Each structure stands twice: as structure tokens, then as C-alpha cells.
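So the chains spell out like this:
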Amino acid sequence: MFFPGDAASRRKVALGGRSSKEQDRQKLLEQTRLEREQRQRRRLCNHSAIVIQKFFRGRRAVAAERLALRHKFCATFGELGQKADKSVFKIQCSYLPQLLYFFSLNNSNDFWCLVGACNLLLRSLSETDNAVSLFTDGEYTAERAIIEHRVKRLARLCLLAINQHRDTFESKFVVPASLLRTGNGTEVLLDTIFLLTRDNLLWSRATLDYLLHKDLLFILRGLLLTLKAADATTLPREMPRLENILFSLALRDVQRPLDRKDPQSKFAFSAQILSIPLLWQRSPTFKQVAVSQGLWAQFIHMIAENYSEFLNTLPPASAPSFPSKICLLGNILEASGSALSQSDVTVQLVTDFANVARYLMEELPPYYFKSAENVTDDTEDGMEIDESALSMVPEPVLEQQLRYASHPDFLRNLVRVTFSQGNLLRNVQNASNSEPPSETEVAVISATCAFLYASFVVLPRSVVLTNLAYSAQLVPQLWHYIRRCHLSGRWPAMAVVWRTGPDGSTGAELLGALLPLAAFCPVYSYMLTTTDNEEFYEQQRPLKLDDAVQLVLILKEAIWQLRWILAPKLSAVGTTMQNMDTQVKHMSSQGVRQFVSDASSRLLAELHDRNSRRQFTSPETFHAREAIDESFFSQAEGENSRARELLRQAPYLIPFSSRVRVYTSQVSSARQSNSSPHPFSRSRITIRRDRIVEDAFAQLNALQEEFLRGTIRVSFVNELGVEEAGVDGGGIFKDFMENITKAAFDIQYGLFKETADHLLYPNPASHMVHDDHLSYFEFLGKVLGKAMFEGILVDIPFAPFFLSKLRKKHNYLHDLPSLDPELYRSLLFIKHYEGDISELGLYFVINDNEYGEQIEVELLPGGKDMPVNNTNVIRYIHLVANYRLNSQIRQQSSYFLHGFQQLIKPEWIDMFNEHELQVLISGSHEGMDVNDLRTNVHYAGGYHEHHPVIEMFWEVLKTLDSNLQQKFLKFVTGCSRGPLLGFKYLEPQFCIQRAAPEDAPDEALDRLPTSATCMNLLKLPPYKSKEAIREKLLYSITAGAGFDLS
């Protein structure tokens, strides 16, 4: 029979390997399990129902019993207990047991019953000296358990009742007339708690321990938080009672501590109370008592010794904008300001406070680290702010509280106590003392310096620096500590713990040198900006000149160690720190290193600048001997090297000649990278000699930056309109640069003025001379930049205060002599005037008189109505200096700098100060070195070093004066000044070529010497005598015939 194709009749086989009976068994077991669980849930529900019913019946029975007792209490003692007398407190009386049993926080009558009981208790205790007799007629020990239990319960109910009604703290309760004591119910309850916890009562300690265990501090914190800061004056009756309780608890906490092992109970008072926002404004009396009684010092010491544990016990923030850590820091700063002003303040308190305050500053959110926003470029250390934190704004009242740390009295007292140990203050007068500091001095100074460093990062730095410099007088006191360490040859180790972060293992020995410099350098640098030359050199303030020399040596060594010796390690750590948050980045040993490195470099630069104007030490004092070798130069030529970074941050460690060598190499590399092999890319200009500025402005100012950096060929047209002979191979261009700078920077042209010393600076009234004056300033910036880019020295004596603008520096009072010495002397007279300044009739205005037009300029808004007096005279002086040195030439300087930087990169000249920059522009004033030129000369055409004509030529050249030598140099090279590093670097090398045969007739020798400036070539005929050489040479170099002379 054939298969029909129907699979239905086929036998089904279970491929799972089990029979159907086994599957049925599994279903049965699962069903049984579910039924069992259902029965278990039913039993649990029944049991829960029984428990709930039992609890409900119990609560209902208790409520009924309480109601019955309340009725019984009212029938016996009155509706509010007004029928009771002092005998009701005896242990055999049911008054207190009934009240404690039926009392309910939600029943207003119960509240007033409690107030009545407390009022009666207060009155009864005031009438007897034996508090125990109020509760028992027998021995206290026999009835102690009952009495303590009732007292604890009563105090607890008073505390809960106050907490329940704390929202009414700001308004008086309406007190029933039946009460024997007039006043606020909360006052009575607070007085009761205070009375029951007094030290002279036998049950006080047990009661206080019980209340602490029952969240007394948490409730007190809540009560204090209900009061606004302004309530400290508007509610004088409530505040003292709370403060009494606070003081009692504080005294109990520091004098009779519980045997508490866990931190939560160990630091309960400090954590709960001291972290209340604006605590001292809510409770001012408590602050005064805590400080005067020494409690504050003990609290700070306890926190300092157990900071990590303590931090973990802080309660949650009372509001998102009031974090507990910031509130604690603000309260500590505010109270410590009062503590530091006490006559008996100890060094230990300063050490503990400085450490705790700095710890908490490290915990501040990133948006508090904004000091760089509040300082000028000259005091800024380059610290960056997290972009993500810029949207956050600190709470104004908390920010104001943190600024207690920058208050002048606060800082004055902090510095006074810090340097009071040992003989440190006497060492200010005895500078020769080289005895190393004691351990106590090191501890307090390290803590204070670390705190001041944190203050620089967190607080408005200009305010902190001002008060440290002038109110606290930090510089002379900290300097003598630094000097003692330097003279003793050993910096004491400072063990300062920072936040966990990269490079957290910095040795204590290194911090021992860094922390004092971290506090000293910014303050002294800030003082130098306002110290005039008379104070620095004549009065020798704030430091003696000998001390300034010692400081240079210390700074030089510190910078060399940080920026050279430790640079490889720091760079690796610095790369890691770029991704760290703001706190870790700044509040770490690496942050201190970077801060000290920047601040000390800035201070050394300022001292070097002072020394450049008027020497107080040899220039070699600033140089690091280790940096003067060929390996340094090889590194300096590379990008991102240690040497390049050192030149950028601390260039004055390197001798000037070495920096010039690096600068020349950088500019030469830039010229080569911009050189083009295609002659058609070169710019060609035609210049009329009598219209050189206008023609150059019209043709060069429109050139793009790449063409400005490229080759420019010049053709001159003389006064007759005829193009001069000569092909520009570089020499004509050099002649053009000398002539245009001489014409454009001439004061007769009106764009520049000159000081009494004939130094040039932008004319503040240039707009009255040229309509397009700003474009001309930009053009002249390009001209100067092009001259420096091509290595052409030009004779333009700029004023130092204007050269500082090329380095984007701000000028200060001590820069004013380079502009107006008479005005400088007048301001110094006002600064040191001992009488009443207001008698001089000065106002915050200054008069500009340009070309007969007098304009009155206000130094401040409303300055014409603001008289100068003894209080604001310093501000007036610096505003006048700022206006003359910065404001009135700001536009002109800005446009000049814009043009200048199109050719000269800022990093090329940032390694030079203003006086050195002038040398880069104009060369040395020592004149031409004939011997150097003779050493680096090449001879051609039959001449050699000992040729008679050559011997006579050099003798003649040496007899010429400096002016004629410059003219000779211009005649043969196109530039009147030699290369910065000497004629060895003249390109191409200077060459003297014979211009006629040795036996040439006299008629042939009648010709003049000629030159090819593009090749630095002198064509000298073989004259027979020195007189002939002198006559012909002088005629050639003084004829002024340009390139028509042949």
C-alpha cells in the first residue's frame, strides 16, 4: 500500500527525551508551590490585620485614657493648670505624671498647660536654693531615678513644643491672662530647658545627655534656621535664651565630653551648629562669649586634629545655595576675625585656624575660584576658570562672609600673631640674624602662607594684596623669615596636606621653600607697582637694596629649580592636571609650584626692570650660570623645549647677548620660511624722496601680511623727478628704511612727540594733525616691524613707557619720569605732603592743553566735583599717572601695535624689557667697533690684510668721530648701525675691493670710493697716502648723493 501523504496518523514522538507523565508531574509540583505561597500570604495578611487591629485598639485605649486623664487633670488643677502650686512637683503628686502622659503637640491647650507648668517650676526654683527639695522630701539618691525621668521628659517636651511652634518664632504668642508669668510661651520653655541643664543641678548632666541623644542639636539647628539674620536686633528677648543654651552645650562639649567613639556624636555640636548659615548674625552674643571664654580656640583645634572625620559629619545643606561646608567656612572666618583681635590669642589658634580655613577653601565649588576675574593683567597668574562653572553664581551673603578673610584688621592680626613667635619681630631690626626658625615658627608660618595662597585663588586678589601690603605689613616680616632660611642654608620642611590629586607627594622640604614665596612674591610684586623711585632707591622701602639683591639670588635659584631642573617632572604632571577640576588644579602641591613659578618670575622681571633703569646690582646677578652653554641654545631653537619655555617665562636668567642670539635665530628662520623663489611675488615700490612718507603709506599700507614679510624692492625718484641709478639688491631698501623712519617719526610730522630727554611717544593730539592718524600709526607699526624683521637697525629713540605697549604692559607711577619728570616730582610732593591735602584745591580732573586748546578730563565720573583729600590722594596720584601713561595714548598705541605684530610675533620680544627692546631697535650707543669690523672683513681685487693701502685705510677710519663712522657704515651697508651681535653676523660679509690697478696713473686715482650696499662692498682705489684716503672717503660719505654717486 502506498503512503497517502497524511501525517496526522503518524505517531508523535517527544523529542525532549521525557514522557508526558513526567511533564504532568512538573505541572503538579508548580501548582502545589503556588497554592502553598497563596496560603502563606493569606496567613501573613491575617496576622498583619490582627497586629493592626491590636495597635489600633491600643492607640484608641491610650487616647481614651489620655482624654480621661486630661479631664481629671483639668478638674484637679484647672483648665490650664492654674490651680497648681509648687507642691505638685513632689514625686507622690500626679501633676507631672498626668501632664507628661496626656500631652500632645497638636493640642494648643496642652501647649499652654506645659507653659504653665514650666512657669510654675521656674518661679518655684527661684524661691528656693535647694532644687531637690522641690521634688522630694527625702534623700535624692533614693528617688533619683524617678526625678531624673520626670525632668528628662519635661525638658524633652519643652524642646519638642518649641520645635513644633518654631514657625511662630518671629511673632509673639497671645498669652492667656490666667498665666502668672507674663511673656512669650517660648521664652518660658527656653528658660526651663536652660534651667534644667544648669551645671549646679544634680540631674543636669543626665538631662543634657538625654536631650543630646534625642536630637537636641538637630532641633536647635532648626530653631536657629527659622530666624533671619536681621532678627538678631529685632528679637532681643528670644535670642539670649537660645544663646544661653548654645553656650551651655558648647561648654559641655569641650569641658565634659561624652565617651563618644563614633564621629557623629563626637562632632555633633560643631557640625550641627557651626554650619548654620550666617550663624553669628543670628546669634551674635554667642560668638562674643565663645571667643572670650576660649571655647572657639578649642573648637578649631578639635576640627583641625580630626578634619577628615569631622567633614563627614556635616549635615545636609539647609538650602541648595547654602552648602554646609561654605557656611562653616564663613562662620569660621567671621568668628576668627574676633578671636585674632584678642590680646591673649595664641599661635596655636592661628595655626589651627589657618589649616582648617584652607581645608575648607579647597572644598569650595569651582565657581568660587574666580580671583583671576578681579585682577589686572599684571597681577594675574594665568589660572583658568572652569567654563562649566561660569553659569553658577555664589550666594551674595555667603560671598560677603568669606570676604572677612580679606579685611585689613583680620589680615593685620593674622600676620601679627603669626610672626610673634621666637625673635622674628626683633629680627626685622636685626637683619644679620641667621638663626634658623623654630618648629613652632615653621608650623604657624607654613599654615598661614598656605592659607594666604588659598585666599589669592578664592578671594578678590587685589583687595587681599592691598591689605597684606599696607595694613598687615607682610613683606618686611615674611622677608626676614625667608632671609634667615637663606642665610642658614636650610629651608625647614613644611608638612602641608593638600587635596588628593596628581603629584600629591611633593616633599615637605620643597614646600618649605615654596609656601613662603607663594605668599611673599605676589604681595611684594604688587607693592612695586605703586612704589616710586625715591622710595625704592633713596628710602629703600619696603626692602633695603642689599635685601633686594639677596632676593634676586633667591628668586633666581627658585625659578631655575622649578623651570629647568624640575621642568620634565612638572610637564608630565601638568599634562595630567589639564583635565582635573578647578579645586584639584589649584589646591595641590602642583598648583603651588605653578603659582610660585609664575609669581617669582614676574617679581624677578620687575626687579630686573628697576635695575635696567638704575642699577642696584650688577646685571650678572640675574643670570643663571648653568644656562650659558651651547646645549641651551640648541634647545632654544626648537619648539616646546625647556629652554624655549624658560625664555618665555623667565628670560632674565639668560644674558642679554644670549637672548639676542635666540631672537636673531627666530627672526632669521621666519625670513627664510617667507622667502619665495619666484621673483614675480616680490613687491616693488617707487618712492619720491621729498614725499617718502606719503608714497610709502599709499603703497605699503595696503600690502597683505605675507607680502610685508616678503622681499620689497625700492626705486627712488629724486627731487627733479628722475629715477635714481642703482638696482635694489637690498641696499636701497635699507636706505629707504632709514629715511622713512627718520621722516615719519620726526616730531615735525606731528604723529609723535618727544619728552624732555628727546624720547619719542605717540602724540595724544595726533587727530588734530592728521585726519587718518590711526591708519598712519598702524602703518608706522608695520615700518618698525619690517625694520626689525629684516635686521635693520634704525635710530628711533622711543620713550620706555611707549615701548612697554609693544609688550602689552601697563605703566605705573614709577614709569612717569620717562614722560614728564616735572609732573612726577609734583605727584611725589603730593604723595609725601604732611599737611591737609584738601588745602591744595585739587580735584579728580586733569587738563590737556594741545595746540592752544585746553580740555578738562575727569579722572573719575563726577571727578570735577570730587576734591582730593588725605584719604583718596594715593588714588588720585595713580589715576593721574595712568591717564598720562596709558589712557591718553591708548588708541594710538593699539593701532601701532596691531601693525607691528603683523611682522613681529609677541613671543620674540617678550624676552626683553623696554631698555633691551630699544637696543634691538637702534643698536648699542657705544658706536662702531672698528676692530670688530676689521676682524670680520674680506678683501678682493688684490688687497690683503697687510696691504699698505689697507693699513692706511684702517688708520684713517679709526681717526673719524662717531658720527662720521656711522656715515661710513651707512655708505657701505645702507645702515648707519652695525648688527646687534657684531660684524660677524653681517650678511653678506663686509668686503673691500681694489677699484684700480696698483700702477694706475694719478688721473685714475682721482676718482672717489664707491660702494654696493646690497653686497656690503667698498670699492677703494689704491690711493698713495692717508691724506688722500681721508679726503676722498669723507667726500663720499658726506656728499649725500644717494645712489647717483658713481
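In the block above lies the structure referred to throughout.
Asks: Before we move on, could you go through the nonpolar core and cite the residues and values that matter?
Replies: Phe-451, Phe-520, Leu-607 and Phe-736 are the most contacted members of the largest nonpolar core, which totals 280 residues. Setting aside residues no more than four positions away along its own chain, Leu-607 makes contact with Tyr-524, Leu-528, Phe-536, Leu-551, Val-552, Leu-555, Phe-616 and Phe-622. In this structure, Ile-950, Leu-957, Val-972 and Phe-990 belong to the second largest nonpolar core, which totals 29 residues.

Asks: Lay out the sheet that holds strand 9 (residues 1010-1012) with the relevant residues and their values.
Replies: On the basis of which strands lie adjacent, the open sheet formed by four strands has the order 7-8-10-9 and mixed pairing. This sheet does not close on itself; its edge strands, each paired only once, are strand 7 (937-940) and strand 9. Going from strand to strand, the sheet's axes swing by 20 degrees on average, the running direction of each strand aside. Of the strand pairs in this sheet, strand 8 (residues 990-994) and strand 10 (residues 1017-1020) are connected by four bridges, and their pairing is parallel. When the sheet's bridge partners are listed, Ile-992 is paired in strand 10 with Leu-1018. In this fold helix 44 (residues 948-959) packs onto strand 7, strand 8 and strand 10, with an angle of close to 130 degrees to the strand it touches most, strand 8.

Asks: Can you lay out unusual backbone geometry for me, pointing to particular residues and giving the numbers?
Replies: Along the chain, Arg-541 connects to Pro-542 via a cis peptide bond; the corresponding omega equals 0 degrees. In this structure, Pro-542 sits in the loop between helix 25 (533-538) and helix 26 (545-565). For Gln-540, which is not glycine, the phi torsion reads 55 degrees and is therefore positive. In this structure, Gln-540 sits in the loop between helix 25 and helix 26. Residue His-758 is not a glycine yet carries a positive backbone phi of 65 degrees. As for its placement among the helices and strands, His-758 is situated in the loop between strand 3 (752-754) and strand 4 (760-762).

Asks: How would you explain the packing of helix 29 (residues 589-613) against helix 42 (residues 914-922) if you had to name every residue and give the values?
Replies: Put simply, helix 29 and helix 42 touch, their axes get as near as 8 Å, and they point 60 degrees apart. In contact with His-608, Asp-609, Ser-612 and Arg-613 of helix 29, helix 42 contributes Glu-914, His-915 and Glu-916. For the contact of helix 29 with helix 42, the residue count by class is no nonpolar, three polar and four charged.

Asks: With reference to specific residues and values, describe the packing of helix 19 (residues 408-418) against helix 22 (residues 461-471).
Replies: Where helix 19 meets helix 22, the closest approach of the two axes is 9 Å, and the angle between their N-to-C directions is 55 degrees. Here helix 19 lies oblique to helix 22, going by the angle between them. Once helix 19 is placed against helix 22, the crossing between them reads as right-handed. The residues of helix 22 that touch helix 19, namely those facing Pro-408, Leu-411, Arg-412 and Val-415, are Val-464, Asn-467, Leu-468 and Ser-471. Broken down by class, the residue content of the contact of helix 19 with helix 22 amounts to five nonpolar, two polar and one charged.

Asks: Quick rundown of the side chain of Arg-659? Include the residues and the values.
Replies: With respect to the helices and strands, the residue Arg-659 is situated in helix 32 (residues 656-674). Those residues in contact with Arg-659, other than ones at most four positions away along the chain, are His-608, Leu-647, Pro-651, Tyr-652, Ile-654, Met-911, Phe-912 and Glu-916.

Asks: Can you tell me about a positive patch on the surface, naming the residues and giving the values?
Replies: Residues Arg-36, Arg-39, Arg-41, Arg-42 and Arg-43 make up a contiguous surface patch of positive charge. Relative to the helices and strands, Arg-41 is located in helix 1 (residues 20-77).

Asks: Please provide a residue-by-residue account of a nonpolar patch on the surface, values included.
Replies: A cluster of nonpolar side chains, namely Met-768, Val-769 and Tyr-851, defines an oily patch on the protein surface of about 280 Å² accessible area. Turning to its location among the elements, Met-768 is positioned in the loop between strand 4 and helix 36 (773-789).

Asks: Just give me the short version of helix 13 (residues 284-292), but keep the residues and values in it.
Replies: Those residues of helix 13 that sit buried are Phe-286, Lys-287, Ala-290 and Val-291. Down the axis of helix 13, the buried side of the element spans an arc of 125 degrees, and every buried residue falls inside it.

Asks: Tell me about the environment of Leu-274, and name the residues and values.
Replies: One can find Leu-274 in helix 11 (residues 268-274). In this structure, the C-alpha to C-alpha distance between Leu-274 and Ser-324, residues 50 residues apart in sequence, is 9.1 Å. Here Leu-274 is in contact with Phe-269, Leu-279, Trp-280, Trp-296, Ile-303, Cys-327, Leu-328 and Asn-331, once residues within four sequence places are set aside.

Asks: Go over the pattern of salt bridges with me, naming the residues and quoting the values.
Replies: Taken as a whole and assessed by the stated rule, the structure comprises 35 salt bridges. For Arg-934, the salt bridge goes to Glu-951, with nearest N and O atoms at 3.3 Å. Here Glu-951 lies in helix 44 and Arg-934 lies in helix 43 (residues 930-935), a separation of 17 residues in the sequence. Arg-934 gets classed as partly exposed once you look at its relative accessible area, which sits at 24%. A relative accessible area of 26% means that Glu-951 is categorised as partly exposed. With a shortest N-O distance of 3.1 Å, Lys-1026 and Glu-955 are connected by a salt bridge. Highlighted residues: Lys-1026 in helix 46 (residues 1026-1038) and Glu-955 in helix 44, separated in sequence by 71 residues. Its relative accessible area of 40% is what places Glu-955 among the partly exposed residues.

Asks: I'd love a proper account of helix 3 (residues 108-126), names of residues and values included.
Replies: In this model, helix 3 (19 residues) spans 27 Å end to end at C-alpha, consistent with the 27 Å of a helix rising 1.5 Å per residue. Burial runs high along helix 3: 15 of the 19 residues are buried. Where helix 3 begins, the capping side chain belongs to Asn-107, and its oxygen is found 2.9 Å from the backbone nitrogen of Asn-109.

Asks: I'd like a rundown of the environment of Leu-917, residues and numbers included.
Replies: Turning to its location among the elements, Leu-917 is positioned in helix 42. Given the relative accessible area of 0%, Leu-917 is considered buried. Between the C-alpha atoms of Leu-917 and Val-660, which are 257 residues apart in sequence, the distance is 10.0 Å. Filtering out sequence-adjacent residues up to four positions away, Leu-917 remains in contact with Met-788, Leu-803, Leu-806, Arg-807, Ile-909 and Phe-912.

What counts, and where the lines are drawn
- Residues numbered from 1 in each chain as written.
- Predicted model: local features only at pLDDT ≥ 70, side-chain atom pairs only at ≥ 80, totals over all residues.
- Heavy atoms only, no water.
- Core = buried A, V, L, I, M, F, W, Y, C linked by side-chain atoms within 4.5 Å.
- Buried < 20%, exposed > 50% of the residue type's maximum accessible area, 1.4 Å probe, protein only.
- Contact = heavy atoms within 4.5 Å.
- Pairing = 2+ DSSP bridges.
- Helix = DSSP H or I, 4+ residues; strand = E, 2+ residues; numbered from the N terminus.
- Axes fitted to C-alpha atoms, helices over the stretch in contact; angles between N-to-C directions.
- Nonpolar A, V, L, I, M, F, W, Y, C, P; charged D, E, K, R; others polar.
- Parallel < 35°, antiparallel > 145°, perpendicular 65-115°, else oblique.
- Left-handed = near helix turned anticlockwise from the far one by under 90°.
- Patch = residues over 30% accessible without salt bridge, like charges linked within 9 Å, V, L, I, M, F, W, Y side chains within 5 Å.
- Areas by Shrake-Rupley, 256 points an atom, 1.4 Å probe, with all protein chains shown as cover.
- Salt bridge = Lys/Arg side-chain N within 4 Å of Asp/Glu carboxyl O.
- Lys, Arg positive; Asp, Glu negative; His and termini not counted.
- Charge placed at Lys NZ, Arg CZ, Asp CG, Glu CD.
- Arc of directions from axis to C-beta.
- Expected span 1.5 Å × (residues − 1).
- Polar contact = N/O pair within 3.5 Å; in protein donor to acceptor, adjacent residues only side chain to side chain.

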